[in-house]
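Geometric and topological summary
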Amino acid sequence: MSPPLLSIAGLRARRRDRSAQPILRDVSLTLAAGEVHGILGESGAGKSTVAKAILGLVPRGIRITDGRILLDGRNLLALDSRSLRRILGAEAALIPQDPSTALNPGRRVGAQLTDGLRLWRGLSAAAADRRALALLEEVQIREPARVMWLYPHELSGGMRQRVLIAAAFALEPKLVIADEPTTALDVTVQKQILRLIRVMQTRHRTAVLFVTHALGVAAQICDTLSLLFMGKVMEQGPAADILLAPRHAYTRALLAANPRHDRPASSPEPIPEPVIAACKAEVAAADRADAEDG
Amino acid sequence: MLAAIVLRRSLMTIVTLFGVAIVVFLLLRVAPGDPIAMMISPGAGPDDVAALRARYGLDAPPLIQFWIWLHGILMGDFGTSISLRLDVLSLLAERLPATLELSGLALALGVFLGGAIAVIATLLRRSFVAGLIDAVNGLLLAVPDFVWALAFVLVLGVLIPVLPLSGRIDPALETTFVTRFYLVENLVSGRLALAGDILRHMAMPSLALALPLAAVIARILKEALAEAMQQDYVLLARVKGFSELRLVLGEALRNAVGPTLALTGVQFTFLIGGTVIVERIFSYPGIGNMAIDAVINRDLPLIQGLVLVFGLMFLVVNLVIDLAVVALNPKLRHG
Ligand SMILES: Nc1ncnc2c1ncn2[C@@H]1O[C@H](COP(=O)(O)OP(=O)(O)O)[C@@H](O)[C@H]1O
Ligand SMILES: [Mg+2]
C-alpha cells in the first residue's frame, strides 16, 4: 500500500495561557489520496484546531506542543513559513464555514478565482479566466461569464459557497480541508452543497478532510471517520463500520441521539450526562498516564 | 448613482455657500474695526472719510450692501479690495493657484505618508518595531501644522539651510509663465529644473501641512487594516499562499480605505484651513497669506471673497471624499 497523502501523528496542542489546558490530546489520523476523512465532534472538541494546524493557521492563543503533520512525506510543522506557504498554496485548499465572510467584498468573483492559478500555476490572465469559467460551470453556476464580474454581495449564500468550492478545486490540490462547509447554509442548500463537494472530490480524485459536528452530514460524505471528544480521538475507522457497529460508548450515544442520521436536517438529542462523564474520566485518565510517562 | 450624488451635493453646496455668505457678511458688519479708518491718511477730515465711505458703498444700510454684493457676485463682480484697490476676483485668480498647488501637494503627501505608515505598521504588527511606530505616530498626532512649519524653518531653513525659506520660486530665475499654476505648468512643459526649484519652495510648507493629516490617516487606516486582516477572506487568501505584503495590499487595503476616508474627511479640510498660517510663515503667495493681510486691513470685500473661496474649497473636498467613499465600496457603488 502506498503511503498516505496526509498523516498526522501524536499531535498535541495546549492553550498558551497560564492554564496550559490541553486542546488536542495525541491526535493521529491518516488520509489516503482521494479519500474523504471526517473529523466529527461537538463544538469545542478541537476539530478546527486540527484543520488549522495542517494549514499553519493555529491561532496565537494555542500552541502545538508535539506531533508531526506529514503531507506527502514533508513535515509541515518543521517547515519555515515561506516553504509552507508555497506547498499549501499549490497543494492544499480550504472550504470555509461561512461563505458570507470568506470572499473579499472588494474584489470581483473572477479575480478571486484566478489569483491562485496565476500565482502558483503561472497561467496568463486569459488562460486563468478560461479555467475559472470552466470551474464555475462545474459547480453549476448559471451564466458563469457574468458571475465572474460580480462582487460577492451580489451572490446568494449558496452561490458564494459554490464559488468557494470552485476556488478550492481550482489548482487541482491534493488536499481540500472543509471546515463545517454547510453549517451556515439553509437546510435545502446544505444537501446540494454536500453533494457538490462529493462530486467534485470524486471527479478530481481529491482527498478531503471534512470537519463537522453533524453525524448525519458525516454519514453522507465520509469514507473514514475520527470521533473527537475534548481533543482526544475516541474512535476511528471506516465510516460504515463506525456507524453500523460502534465500539465506543460515546459513539453509541451519539448514534442513539441521532436516530435518523441519514437525514441531516433532523435535530439530535443531547448525549446523556453519564456518557459524557465517563468520557471525561477516560480523557482525565489518559492525561494522568501521559504525565507519568513524560 | 454617482451622478445623482454629484448633482444633489452640488445643489447643497450652492445653498451652503449662500448661507456662508450671509453669515460672513453679517459678522463682518458687527465686528469691530473700520476699513476706512485703516486707509485714511493722518490729515484727512470727516468729509474725506464720508467720501471714501460712499465710494466703497459703506454708507448704505447693511441689507442694501448685502444685496449689492450678492448681485455683484452673481454677475461675476466680487467688488474692489479696499486695501489693494484692485478687483477682488482678479486678486483671487492670481493667488488661488498657488494655494491649490500647495494644498494639493500636501494632500498627496499626507495620504501617501499616512498610508505608508499604516501599511508598514500592519506588516510589522507582531515585531518590536510596532510600538516604536505607534510612539512616532502619537507624536505626529500631537503636533499641529504651524509648529512643524516653525521647526522646519529653524532646522532646514536656518540651522542647515538646505531649503529656501520663503516665496514660491527663486526670484533670480528669469522666467515667464502662461498660467499661475507654476508647478503644474513646468512639469507639463518639461522644464524640470524650474519645477524642482518650485518643489523645493513647497517642500517645507507642504510637509508641515501634510504631517498632521498623515498622522490621522495612519492611525485610522492602521485600525481599519487590523480589522480587515482578521476577516475570513484574509484567512482564505493566506491559505492560498499569498505573502503578508500581498494580504495587506491586495486583500485588506481596498476594504480599509473607504472607512478610513469617511473617518478622516474632516482632517482634509483642516489642511486647507492650515494654509492660512503656514503660507504666512513661509511668505508663500497664496490666498491664505492674503487672508491675513485682508483681516488686518479690515478689507471687507476681499475677506468676503476669500471666505467664499475657502468655503468652496471645503465643500469640494468634502464632496470628493464622499464620492470616493462610495466609489470604493462595491455595495454602495451599485446602489
Ligand atoms: N484563539 C484561541 N485561543 C485560545 N483557545 C482557543 C482559541 N480558539 C479556540 N480555542 C479553544 O480551543 C478549543 C478547540 O476549539 P476548536 O478547534 O475551534 O473546536 P471545534 O472546531 O471543534 O468547535 C476550544 O476549547 C476553544 O475554546
Ligand atoms: Mg470549528
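Owing to the predicted nature of the structure, the values given are computational and were not obtained by experimental measurement.

This part is about the overall build of chain B. Assigned secondary structure in chain B consists of 14 helices and zero strands. The N-to-C order of helical and strand elements in chain B reads α-α-α-α-α-α-α-α-α-α-α-α-α-α. Each of the three principal axes of chain B carries a C-alpha extent, and together these read 85 × 50 × 40 Å. Burial statistics for chain B: of 335 residues in total, 43% are counted as buried.

The subject of this paragraph is the side chain of Asn255(B). Mapping Asn255(B) onto the fold places it in helix α11 (residues 244-281). A polar atom in the side chain of Asn255(B) sits 3.2 Å from the backbone oxygen of Glu251(B). Setting aside anything within four residues of it in sequence, one finds Asn255(B) in contact with Asn104(A), Pro105(A), Gly106(A) and Tyr233(B).

All right, on to the confidence of the model for chain B then. With 99% of its residues at a pLDDT of 70 or more, chain B has an overall mean of 90. Reported confidence for the predicted complex is 0.92 by ipTM and 0.90 by pTM.

So, about the pairing of strand β3 (residues 36-41) of chain A. Residues and elements named next belong to chain A. The element β3 is extensively covered by neighbouring structure, given that six of its six residues are classed as buried. Because side chains alternate across β3, one face comprises the buried residues Val36, Gly38 and Leu40, and the other comprises His37, Ile39 and Gly41, equally buried. For β3 and strand β8 (residues 207-212), the ladder comprises five bridges, and the chain directions are parallel. Bridge assignment links Ile39 to a residue of β8, and that residue is Val211. Examined bridge by bridge, β3 and strand β9 (residues 224-229) share five bridges and lie parallel to one another. Bridging from a neighbouring strand, His37 pairs with Thr224 of β9.

One recurring pattern in soluble globular proteins: nonpolar side chains tend to sit buried together. The biggest cluster of nonpolar side chains holds 98 residues, and the ones touching the most others in it are Leu6(A), Ile54(A), Leu113(A), Ile165(A), Leu175(A) and Phe210(A). Residue contributions to this core peak at seven residues, all from helix α6 (residues 157-169) of chain A. In contact with Leu6(A), other than residues within four places in its own chain, are Leu29(A), Thr30(A), Leu31(A), Ile54(A), Ile69(A), Leu70(A), Leu71(A) and Leu175(A). The next biggest cluster of nonpolar side chains, apart from the first, holds 81 residues, and it includes Phe66(B), Ala228(B), Phe242(B) and Leu300(B).

For the rest of this paragraph, the subject is the site of ligand 1. All names here are of chain A. The full set close to ligand 1 counts 13 residues, and Gly44, Gly46, Lys47, Ser48 and Thr49 are the nearest of them. Here Ala45 contributes a backbone N or O atom positioned 3.2 Å from an oxygen atom of ligand 1. Measuring from an oxygen atom of ligand 1, one finds a side-chain N or O atom of Thr49 at 2.5 Å. Coverage of ligand 1 by the protein chains reaches 68% of its 560 Å² of free accessible surface. A per-element tally of the shell around ligand 1 places helix α1 (residues 47-55) first, with three residues. Its residues assigned to classes, the shell around ligand 1 comprises four nonpolar, six polar and three charged.

Right, let's talk about the pattern of salt bridges for a bit. Residue and element names in this part refer to chain A. Scanning the entire structure with this criterion turns up 22 salt bridges over all chains. A salt bridge links Asp290 to Arg12; its shortest N-O distance comes to 2.9 Å. In this pair, Asp290 sits in helix α11 (residues 273-293) while Arg12 sits in strand β1 (residues 6-15), placing the two residues 278 residues apart along the sequence. The partner of Arg146 in a salt bridge is Glu143, with the nearest N and O atoms 3.3 Å apart. Judged by relative accessible area, which is 44%, Arg146 ranks as partly exposed.

With phi around 50 degrees, Asp72(A) is a residue other than glycine that occupies positive phi space. Taking relative accessible area as the criterion, Asp72(A) reaches 38% and is therefore assigned partly exposed. The phi dihedral of Ser283(B) is positive, around 45 degrees, even though this residue is not glycine. Along the chain, the position of Ser283(B) falls in the loop between α11 and α12 (287-296).

We now examine the pairing of β1(A). Residues and elements named next belong to chain A. For β1 and strand β2 (residues 22-31), the ladder comprises six bridges, and the chain directions are antiparallel. Residue Ala13 lies in a different strand from β2, and its bridge partner there is Leu24. Between β1 and β2, which pair antiparallel in sequence order, lie six residues; one of them, Ala20, sits at a positive phi of approximately 50 degrees. Looking at chain direction, β1 and strand β4 (residues 62-71) are connected through eight bridges and run antiparallel. Note that in β4 the partner of Leu6 across the bridge is Leu71.

Below, the discussion takes up the domain arrangement of chain B. It is common to report an interface's size as the accessible area lost on association of the parts. Residues and elements named next belong to chain B. Considered domain by domain, chain B is made up of domain 1 (2-74) and domain 2 (89-334). The partner domain 2 presents 16 residues to the 21 residues of domain 1 that form the contact. The junction of domain 1 with domain 2 conceals about 1,700 Å² of combined surface from both sides, 78% of it contributed by carbon and sulfur atoms. Here domain 1 is connected to domain 2 by one salt bridge. As a salt-bridge pair, Arg9 and Asp322 come within 2.3 Å of each other at their nearest N and O atoms. Between domain 1 and domain 2 we count one residue pair in polar contact (both at pLDDT 80 or more) in total. When residues of the side of domain 1 that touches domain 2 are traced back to their parent elements, those giving at least two are α1 (2-30), α2 (35-39) and α4 (62-74). The greatest single-element share of the side of domain 1 that touches domain 2, amounting to 13 residues, is contributed by α1. When its residues are assigned to classes, the side of domain 1 that touches domain 2 shows 15 nonpolar, three polar and three charged.

Rules behind the numbers
Throughout this description, residue numbers start from 1 for each chain and increase along the sequence as written. A letter from A marks each chain and a number from 1 marks each ligand, given out in the order of writing. Selection of residues for local features in this predicted model requires a pLDDT of at least 70, selection of side-chain atom pairs for listing and counting requires 80 or more, and totals for whole chains, interfaces and linings are taken over all residues. The basis for the side-chain values is all heavy atoms of the structure; hydrogens and waters are excluded. Put simply, DSSP H or I for four residues or longer makes a helix, DSSP E for two residues or longer makes a strand, and each gets a number counted from the N terminus. Type-normalised accessible area, obtained with a 1.4 Å probe on protein chains alone, sets the label of each residue: buried when under 20%, exposed when over 50%, and partly exposed for intermediate values. By the criterion applied in these results, polar contacts are pairs of N or O atoms within 3.5 Å in which, for protein atoms, one can donate a hydrogen and the other can accept it, and in which residues neighboring in sequence qualify only through two side-chain atoms. Should any heavy atoms of two residues lie within 4.5 Å, those residues are counted as being in contact. Residue-level confidence of the predictor, termed pLDDT, takes values from 0 up to 100. Strand pairing is defined by DSSP finding a minimum of two bridges between the two strands. Think of a nonpolar core as a cluster: buried Ala, Val, Leu, Ile, Met, Phe, Trp, Tyr and Cys residues, connected wherever their side-chain atoms sit within 4.5 Å. Residues are counted as near a molecule or strand when any one of their heavy atoms sits within 4 Å of it. For the accessible areas, the method is Shrake-Rupley and the probe is 1.4 Å, while residue cover comes only from the protein chains on display. All residues other than Ala, Val, Leu, Ile, Met, Phe, Trp, Tyr, Cys, Pro, Asp, Glu, Lys and Arg, Gly among them, are scored as polar; the first ten of these are nonpolar and the last four charged. Here, a salt bridge means any Lys or Arg side-chain nitrogen found within 4 Å of an Asp or Glu carboxyl oxygen. Residue ranges assigned to each domain were obtained from an automatic or database domain assignment. Defined here as a combined quantity, buried area equals the accessible surface (1.4 Å probe) lost by two parts on assembly, summed across both.

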